[in-house]
Amino acid sequence: MNRSSLAKVNVPDELRDLLLDFTISYLLNQPPDLLDYAVDYFTKMRNNCPRGGVRHTRASTPGDESISEDEPPVARFGTRRKSVFAEAYNPEEDDEDEGLKVVYPKSDEQRRALADSVKNILLFRSLDKDQMNEVIDAMFEKKVQKGDYIIKQGDDGDNFYVIQAGDYQAFVNDGNSDKLIHTYHDKGSFGELALLYNMPRAATIQAASTGSLWAMDRQTFRRIVLKSAFKKRKMYEALIDGVPMLKALQPYEKMNLADALIPRHFTDGQRIIKQGDAADGMYFVEEGEVKIFMLDEYGQEVEIKQIGKSGYFGELALVTHKPRAASAYASGNVKLAFLDVEAFERLLGPCMQILKRNIHDYESQLIKIFGSKNNISDVR
């Protein structure tokens, strides 16, 4: 291939994230018709997005430079078979939480390095500690030499790869020539969508230097990703059903919200949010109790509220676009579900009037405690 004359094609990160979310949503719901489901899914997404374009549920994280080679062109949907993959895996029918797990031995240093590499990969961000350890256990090392082909366009998907070291180039042949679409330098990941869709590789990845990769086989990858996504959705759907304010949401809106929530764990006395900080999102209490404090006129923290299971806090700073007006601390071990600011704006529009009405309730609480309503509490 004449690589010197290749044109550089930029693949937007938003496209990759959008397709990943749609793929997982499809595989979890298993609708009878892919095209009808896709039309409905993206129509609802467009209708729920603010003007100015699609805002993705998950904010981009610095250092997450993985760009998939597997984004399927839209035209493929018209000729694809109804079943997304032949080796069907239905997470709802998999009742085995334990069992024989794939474990490849690694040193402590290798585990730390791998954990650092995968923590910001979109597919793994919502995994808890045990699930992340399972991901790390299941990955095996693959050494490569300059010029080695890791995957080839048109081949069946076998592994998902995380880069440990080395440079790699992704090429796509459009029928006339090979186009360089991305270059990886010592970090990133690739290969996930071919495994989720069970479709041929849509690009070629070639090593541009000696290096090493961490790989996970197709079945283990799908089992961890799909089952964890399924369990997360069911768990958060139950949480959402217990929050009165969220009863205003339609069923599909609740599903989107469940997919957007991110688990957060805090230990006794650990600060969750700090008064005066900029707001990055809101929290729902899944387990445990959270205590809310505000500074009085002498600069001392005064406890104003305790929030238990199915309660929430942090939303008013998002509604008012002001800094945090209170601090929150874990009382005992606490398990929370975090919703970032972009997802809040996209998904909780139907609840906005309820959230705004709550401001008046908070003002009344502040007057009772402090004698004024100069600050608006950020709790519920």
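What you see is a predicted model, and the numbers here were worked out from it, not measured in a lab.

**Student:** Describe the overall build of the protein, listing the residues and the values that go with them.
**Tutor:** The helix and strand inventory of the protein stands at 10 helices and 14 strands. Counting all 380 residues of the protein, 48% fall into the buried class. Pairs at least 24 apart in sequence give 79% of the contacts found in the protein among residues at least 6 apart. Accessible surface, the protein as shown: approximately 18600 Å² in total, 48% of it carbon and sulfur.

**Student:** Got a sec to walk through the packing of helix α6 (residues 218-241) against helix α7 (residues 251-260)? Specific residues and values, please.
**Tutor:** At a minimum axis distance of 8 Å, the contact between α6 and α7 shows a crossing angle of 120 degrees. Judged on the interaxial angle alone, α7 and α6 are oblique. Where α6 crosses over α7, the handedness of that crossing is right-handed. Only K254, M255, L257, A258, D259 and A260 of α7 make contact with α6, whose side of the interface consists of K232, R233, Y236, E237, I240 and D241. Across the contact of α6 with α7, the residue classes tally to six nonpolar, no polar and six charged.

**Student:** How would you explain the UniProt feature "binding site: 3',5'-cyclic AMP 1" (unreviewed entry) in the protein if you had to name every residue and give the values?
**Tutor:** Within this numbering scheme, the UniProt entry marks E192 and R201 as carrying the feature "binding site: 3',5'-cyclic AMP 1" (unreviewed entry). With respect to the helices and strands, the residue E192 is situated in helix α5 (residues 192-197). In this structure E192 comes out as buried when scored by relative accessible area, which is 0%. By the element assignment, R201 lies in the loop between α5 and β7 (204-207).

**Student:** Explain the packing of aromatic side chains to me, and be specific about the residues and the numbers.
**Tutor:** As enumerated under the stated definition, the model contains 11 aromatic pairs in all. Both rings, one in Y104 and one in F140, keep their centres 5.3 Å apart while their planes meet at 50 degrees; by these two values the pair is tilted. Of this pair, Y104 sits in the loop between α2 (34-48) and α3 (108-118) while F140 sits in strand β1 (residues 140-144), placing them 36 residues apart in sequence. Under the relative-accessibility criterion, Y104 is labelled partly exposed at 34%. In this structure F140 comes out as partly exposed when scored by relative accessible area, which is 23%.

**Student:** So, the sheet that holds strand β6 (residues 189-190): which residues are in play, and what are the values?
**Tutor:** Spatially, the four strands line up as an open sheet ordered β1-β8-β3-β6, and their pairing is antiparallel. Bordering the open sheet on either side are β1 and β6, each of which pairs with just one other strand. Inspection of the sheet shows strand β3 (residues 159-165) paired to β6 by two bridges, in the antiparallel sense. Note on β6: the bridge partner recorded for V162 is S189. Running over the sheet, α6 touches β3 and β8 (211-217) and is turned about 65 degrees from β8.

**Student:** I'd like a rundown of the sheet that holds strand β4 (residues 167-173), residues and numbers included.
**Tutor:** Here we have four strands laid out as an open sheet, ordered β2-β7-β4-β5, and antiparallel in their pairing. The open sheet terminates on both sides in strands that have one partner only, identified here as β2 (149-151) and β5 (178-185). Along the sheet, successive strands turn relative to each other by an average axial angle of 30 degrees, direction set aside.

**Student:** Lay out the pattern of salt bridges with the relevant residues and their values.
**Tutor:** Counted by the stated rule, this structure contains eight salt bridges. Its salt-bridge partner being R324, residue D280 comes within 3.3 Å of it at the nearest N-O pair. Taken together, the residues span a long stretch of sequence, with D280 in the loop between β10 (271-273) and β11 (281-295) and R324 in the loop between α8 (316-320) and β14 (327-340) at a distance of 44 residues. You can call D280 partly exposed: its relative accessible area is 39%.

**Student:** Any chance you could break down unusual backbone geometry for me, citing the residues and the numbers?
**Tutor:** Unlike most non-glycine residues, D186 shows phi in positive territory, near 65 degrees. Structurally, D186 is set in the loop between β5 and β6. At S310, a position not held by glycine, the phi torsion is positive, near 75 degrees. Residue S310 is classed as partly exposed on the basis of its relative accessible area of 21%.

**Student:** Please provide a residue-by-residue account of the pairing of β4, values included.
**Tutor:** Where β4 and β5 come together, seven bridges link them in antiparallel fashion. From the neighbouring strand, V172 faces β5, where its bridge partner is K179. What sits between β4 and β5 in their antiparallel hairpin is a turn of four residues, with G175 showing a positive phi close to 105 degrees. The pairing of β4 with β7 spans four bridges and is antiparallel.

Calculation notes
Residues numbered from 1 in each chain as written. Predicted model: local features only at pLDDT ≥ 70, side-chain atom pairs only at ≥ 80, totals over all residues. Heavy atoms only, no water. Helix = DSSP H or I, 4+ residues; strand = E, 2+ residues; numbered from the N terminus. Buried < 20%, exposed > 50% of the residue type's maximum accessible area, 1.4 Å probe, protein only. Contact = heavy atoms within 4.5 Å. Areas by Shrake-Rupley, 256 points an atom, 1.4 Å probe, with all protein chains shown as cover. Axes fitted to C-alpha atoms, helices over the stretch in contact; angles between N-to-C directions. Parallel < 35°, antiparallel > 145°, perpendicular 65-115°, else oblique. Left-handed = near helix turned anticlockwise from the far one by under 90°. Nonpolar A, V, L, I, M, F, W, Y, C, P; charged D, E, K, R; others polar. UniProt positions renumbered as here; feature names shortened; annotations may be inferred. Phe/Tyr/Trp six-rings, centres within 6.5 Å; stacked < 30°, edge-to-face > 60°. Pairing = 2+ DSSP bridges. Salt bridge = Lys/Arg side-chain N within 4 Å of Asp/Glu carboxyl O.

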